[in-house]
Amino acid sequence: MAKSKISSSLCNKRRIALVKKIGVIFIFSLFFISLFVLFLTTDKIKIKNIVINGNSSVSTEEITKIVREVLDEKYLLIIPTDNFFLLQRFEIPEETLINFKKIKVVDVSLYGFDTLKISVIERVSESFWCFGSPEDSKDCYFMDSSGFIFAQAPSFTNNILIKYYGLISKADPVGENYFSSDKFEKIKYFISELKKMGFDPESFFAINEHQYEISLSGGAKIVFDDKEDLLENLLKLKTLIGNDYIKTDKDSISKINHIDLRYGNKVHYDFK
């Protein structure tokens, strides 16, 4: 019986000692965590300056606002992230690209502990995507070299850049890709080869996902599909020109009505 009481007393003492030890560890941990949080709020490591370069159409103020919103975020609602150690380096580009479709690349770097440098590359308009059709063109949007639509164009869009139509039915096409980048490259190559032959393409209309129509200055149209490789379609056109069935000087092209490349080795064409 006496041994049982002694054993029970020892267990209680050990339990109390363990609780005290845990309490001390908890207090010290809380103390060091508080010191760490306090350290993260000091001015010495806080980001005070934001430097932005490379932007032209997107204002510095707009980009700075997005960056500040990311910097104002906190871990566990109390730990600031606007400092050298906890900077959310990957979230800044992500949020910037989501908010500004005109921006293509965002690079984030630090200069010292207090200066954040944001370098951006904006998209360059290479063509237009427009609602409607070549005969009934409506609102147009800027499109970059990859076929990415990034901003609405003013109503006085020039006719130097080629216009693309079709495929996209969303009310707001900004942020959409006209085709995959690979397929768009092939289409652009096809159009550039037409120019080398003497044609003057003004617009490209995707009738559907596989059939296309190119309108030339003067009103002629070239119709083709992707059942056959685009290079084969180019070869048929070159053969047509090489055999003098059609000519590509300005006067001759103005007399062409229609060239259809969708019938294998046969090419249907007619004149006005």
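Just so it is clear, the structure is predicted and the values come from calculations on it, not from any experiment. (Residues numbered from 1 in each chain as written. Predicted model: local features only at pLDDT ≥ 70, side-chain atom pairs only at ≥ 80, totals over all residues. Heavy atoms only, no water.)

A. Focus on the confidence of the model for the chain. Summary statistics for the chain give a mean pLDDT of 86 and a share of 84% for residues scoring 70 or more. The spread of mean pLDDT over the elements of the chain runs between helix α1 (residues 2–40), the lowest at 62, and strand β9 (residues 163–165), the highest at 96. (pLDDT = per-residue confidence, 0-100. Helix = DSSP H or I, 4+ residues; strand = E, 2+ residues; numbered from the N terminus.)

B. Broad picture of the environment of Val-108. As for its placement among the helices and strands, Val-108 is situated in strand β4 (residues 103–111). With a relative accessible area of 9%, Val-108 lands in the buried category. Among residues more than four places away in sequence, those in contact with Val-108 are Leu-87, Arg-89, Ile-92, Pro-93, Leu-116, Lys-117 and Ile-118. (Buried < 20%, exposed > 50% of the residue type's maximum accessible area, 1.4 Å probe, protein only. Contact = heavy atoms within 4.5 Å.)

C. Structural view of the pairing of strand β5 (residues 115–122). Counting buried residues in β5 gives 6 out of 8 residues, a clear majority hidden from the surface. Bridge count for strand β1 (residues 49–53) against β5 is 5 bridges, and the pairing is parallel. Along β5, the bridge assignment pairs Val-51 with Lys-117. Of the strand pairs in this sheet, β4 and β5 are connected by 8 bridges, and their pairing is antiparallel. Residue pairing for β5: Asp-107 is matched across the bridge by Ser-119. What sits between β4 and β5 in their antiparallel hairpin is a turn of 3 residues, with Gly-112 showing a positive phi close to 70 degrees. (Pairing = 2+ DSSP bridges.)

D. Representation of the packing of aromatic side chains within the structure. Inspection of the entire model under this criterion finds 18 aromatic pairs. Judged by centre distance (4.8 Å) and plane angle (75 degrees), the rings of Trp-129 and Phe-131 are edge-to-face. Take Phe-131: its relative accessible area is 21%, and that puts it in the partly exposed class. Centroid distance Phe-179 to Phe-204: 6.4 Å. Interplanar angle 75 degrees. Geometry classified as edge-to-face. Residue Phe-179 is found in the loop between β9 and α4 (181–197), and its partner Phe-204 is found in strand β10 (residues 201–206); the two are separated by 25 residues along the sequence. Classification of Phe-179 as buried rests on a relative accessible area of 9%. The exposure class of Phe-204 is buried, given its relative accessible area of 0%. Among the aromatic side chains, those forming a connected cluster through ring pairs are Tyr-164, Tyr-178, Phe-179, Phe-184, Phe-190, Phe-204, Tyr-212 and Phe-224. Note that Arg-123 overlies the ring of Phe-148, its terminal NZ or CZ placed 3.9 Å from the centroid. (Phe/Tyr/Trp six-rings, centres within 6.5 Å; stacked < 30°, edge-to-face > 60°. Lys NZ or Arg CZ within 6 Å of the ring centre and 35° of its normal.)

E. Layout of the packing of helix α2 (residues 60–71) against helix α3 (residues 91–99). Contact geometry for α2 and α3: axes closest at 10 Å, N-to-C directions at 140 degrees. It follows that α2 is oblique to α3 by the angle criterion. Two packed elements cross with a definite hand, and for α2 against α3 that hand is right-handed. Between α2 and α3, the residues in contact are Ile-66, Val-67 and Val-70 and Glu-91, Ile-92, Glu-95, Thr-96 and Asn-99, respectively. (Axes fitted to C-alpha atoms, helices over the stretch in contact; angles between N-to-C directions. Parallel < 35°, antiparallel > 145°, perpendicular 65-115°, else oblique. Left-handed = near helix turned anticlockwise from the far one by under 90°.)

F. How the structure looks around helix α5 (residues 230–242). Relative to the 18 Å expected for 13 residues at 1.5 Å per residue, α5 spans 18 Å between its end C-alpha atoms, a close match to the ideal helical length. Of the positions making up α5, those classed as buried are Leu-230, Asn-233, Leu-234, Lys-236, Leu-237, Leu-240 and Ile-241. Looking down the long axis of α5, one finds its buried residues gathered within 155 degrees of arc, a one-sided arrangement. Its side-chain oxygen placed 2.8 Å from the backbone nitrogen of Leu-231, Asp-229 serves as the N-cap of α5. One or two positions beyond α5, positive phi appears at Asp-244, with a value near 60 degrees. (Expected span 1.5 Å × (residues − 1). Arc of directions from axis to C-beta. Polar contact = N/O pair within 3.5 Å; in protein donor to acceptor, adjacent residues only side chain to side chain.)

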